[in-house]
Amino acid sequence: MKKTKLKIAIAGAVLVAVAATGTALAASGSSNGAGSGSERPRIEQSQQKAPSTIKVDGPNVFPHSLDYDARSKTFFAGSLKQGKVYAVSPDGKVRTHIDDPELVSAQAVNVDRERDRILVSNVDYGTADRSNKESPFGIAGVGSYDLKTGKQDWCVDLTAIALDGKKHLISDVTVAPDGTAYAVDELTPTVFRVDTEGRASVFLRSDLLQGELDIPNFLDDVGMAAVEWVKGNQLIIAMADGSLVRVPVEHPEKAAKVKLSAPLASPTAGMRLLNDGSLTAVSSGLLSGKPAQIQHVKPRNGWREATVTVTDTVEDPVTSDVTAGPDATTYALSGGLADLLAGKPNDGFTLTPVRTS
């Protein structure tokens, strides 16, 4: 397959493009997990006050992804800079919820409500307080933490499972109804499976998942950006280049590309599963400088095909995830990632309400 090359002159600050791939460049994340989305009829929506943008007071948090817990009315956002996970209230106030020394950078964040835990992917761009500056992308893992206390249940090192000596970036994590977690690697064509006790294995390696997108002066062959478990016991994997791959969990060797009415805009970043079984996806405008696109993906024929439509945009190009919010809303995350890779400080981040249909 011929590789897509982006011939764009990008300044050093724009290297955060990686984050735009869900990297989850996003943190299923992403609001990952079955049943995490929710939609209301338009009539009911019209009777409610329009949601407002949330300005979050989180200095140097630099989140790539987040998820929402409706019971506590709290967003949980990972920090690429500090390796922590923060609890964020709808009024924009933050507090530290998870502070685990094993986490270098917290990318994908997934609230598993059925088991009262938060799953977090562990990555290393080489820019975090705990980074190995001489050897970035040498960390790849998934941790499980108590939803109420933030205490670690386990944290598994996936590089020890891969044993390939390659760079790794766990961009997103999703959870099946039985509690099995699936984590996608943006820099190798590998999907990992992690059971509820933290026992990990390689679930799938496939050329279909090989990255085709290059980030000039930073990373080549950027691949899997986001993942969701969907009805029919399947994984839907968003590739950074705008394609989708369907993986039957019982027969991963039958993985195939989803036939789309149009590709998702590239680079694709995060996804959210809606109540009707469709997906909302965000594509960063980081490389183009244009507003990020919110897209609705409606499946047909058991996810063998899907229709893609643009439903909204976010002015900040560096937008990397979408999540549920209070009162059946959906929010897009703009985490200031360009500043992170440029070594600049950040005084917070923004959650923008977006239309999903």
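Model, not experiment: these values are computed from the prediction.

Observations concerning the packing of aromatic side chains
- For the structure on display, the rule yields four aromatic pairs.
- Summarising the aromatic geometry, the rings of Phe 75 and Tyr 331 are spaced 5.9 Å apart at their centres and angled 80° between planes, so their arrangement reads as edge-to-face. One end of the pair, Phe 75, is in strand S3 (residues 74–78); the other, Tyr 331, is in strand S26 (residues 330–334), and 256 residues separate them in sequence. Each of the two residues, Phe 75 as well as Tyr 331, counts as buried.
- Summarising the aromatic geometry, the rings of Tyr 125 and Phe 137 are spaced 5.7 Å apart at their centres and angled 70° between planes, so their arrangement reads as edge-to-face. Placement of Tyr 125 in the loop between strand S7 (117–123) and strand S8 (141–146) and of Phe 137 in the loop between S7 and S8 is noted, with a sequence separation of twelve residues between them. The burial state of Tyr 125 is the same as that of Phe 137; both residues are buried.
- One aromatic cluster is present, formed by Tyr 68, Phe 75 and Tyr 331 through successive ring pairs.

Re the sheet that holds strand S19 (residues 256–257)
- Across the sheet, which stays open at both edges, the four strands sit in the order S16-S17-S18-S19 with antiparallel pairing between neighbours. Where the open sheet ends on each side, the last strands, each with one partner, are strand S16 (224–230) and S19.
- Relative to strand S17 (residues 234–239), S16 runs antiparallel, the two sharing six bridges. Residue pairing for S17: Ala 226 is matched across the bridge by Ala 238.

A look at the nonpolar core
- Residues Val 142, Leu 158, Ile 170, Val 173 and Ala 183 are the most contacted members of the largest nonpolar core, which totals 33 residues.
- At the level of elements, S7, strand S9 (152–157), strand S10 (170–175), strand S11 (181–185), strand S12 (190–194), strand S14 (213–215), strand S15 (219–222) and helix H4 (337–341) are the ones that each hand at least two residues to this core.

Some points on the environment of Ala 265
- Along the chain, Ala 265 falls in the loop between strand S20 (259–260) and strand S21 (268–273).
- Judged by its relative accessible area of 22%, Ala 265 is partly exposed.
- Sequence-wise, Ala 265 and Ser 283 are 18 residues apart; in three dimensions their C-alpha atoms are separated by 5.5 Å.
- Among residues more than four places away in sequence, those in contact with Ala 265 are Gly 242, Ser 283, Gln 293 and Gln 295.

Looking at the pattern of salt bridges
- According to the stated counting rule, one finds eleven salt bridges in the structure shown.
- The shortest N-O distance in the salt bridge between Asp 112 and Arg 117 comes to 2.7 Å.
- With a closest N to O distance of 3.4 Å, Arg 355 and Asp 312 form a salt bridge. In this pair, Arg 355 is assigned in the segment after strand S27 (349–353) and Asp 312 in strand S24 (residues 305–314), connecting sequence segments 43 residues apart.
- Look at Asp 312 and you get buried, because its relative accessible area is 13%.
- Each member of the salt-bridge network shares a partner with another, and the members are Asp 69, Arg 71 and Asp 116.

Description of the sheet that holds strand S5 (residues 94–99)
- Strand order in this open sheet of four strands is S2-S3-S4-S5, and the pairing throughout is antiparallel. Bordering the open sheet on either side are strand S2 (66–69) and S5, each of which pairs with just one other strand. This sheet shows a mean twist of 25° between the axes of neighbouring strands, independent of strand direction.

Describing the confidence of the model for the chain
- The share of residues in the chain with pLDDT of 70 or more is 87%, and the mean pLDDT across the chain is 88.
- With pLDDT under 50 throughout, residues 1–46 is counted as low confidence; its partners more than four residues away or in other chains account for 178 contacts.

Notes on the pairing of S15
- The sheet contact formed by S14 and S15 spans two bridges and is antiparallel. Looking across to S15, one finds that Leu 213 is bridged to Val 222.
- Hairpin connection, S14 to S15: the antiparallel pair is bridged by three residues, and Asn 217 has positive phi, about 65°.

What counts, and where the lines are drawn
- Residues numbered from 1 in each chain as written.
- Predicted model: local features only at pLDDT ≥ 70, side-chain atom pairs only at ≥ 80, totals over all residues.
- Heavy atoms only, no water.
- Phe/Tyr/Trp six-rings, centres within 6.5 Å; stacked < 30°, edge-to-face > 60°.
- Helix = DSSP H or I, 4+ residues; strand = E, 2+ residues; numbered from the N terminus.
- Buried < 20%, exposed > 50% of the residue type's maximum accessible area, 1.4 Å probe, protein only.
- Pairing = 2+ DSSP bridges.
- Core = buried A, V, L, I, M, F, W, Y, C linked by side-chain atoms within 4.5 Å.
- Contact = heavy atoms within 4.5 Å.
- Salt bridge = Lys/Arg side-chain N within 4 Å of Asp/Glu carboxyl O.
- Axes fitted to C-alpha atoms, helices over the stretch in contact; angles between N-to-C directions.
- pLDDT = per-residue confidence, 0-100.

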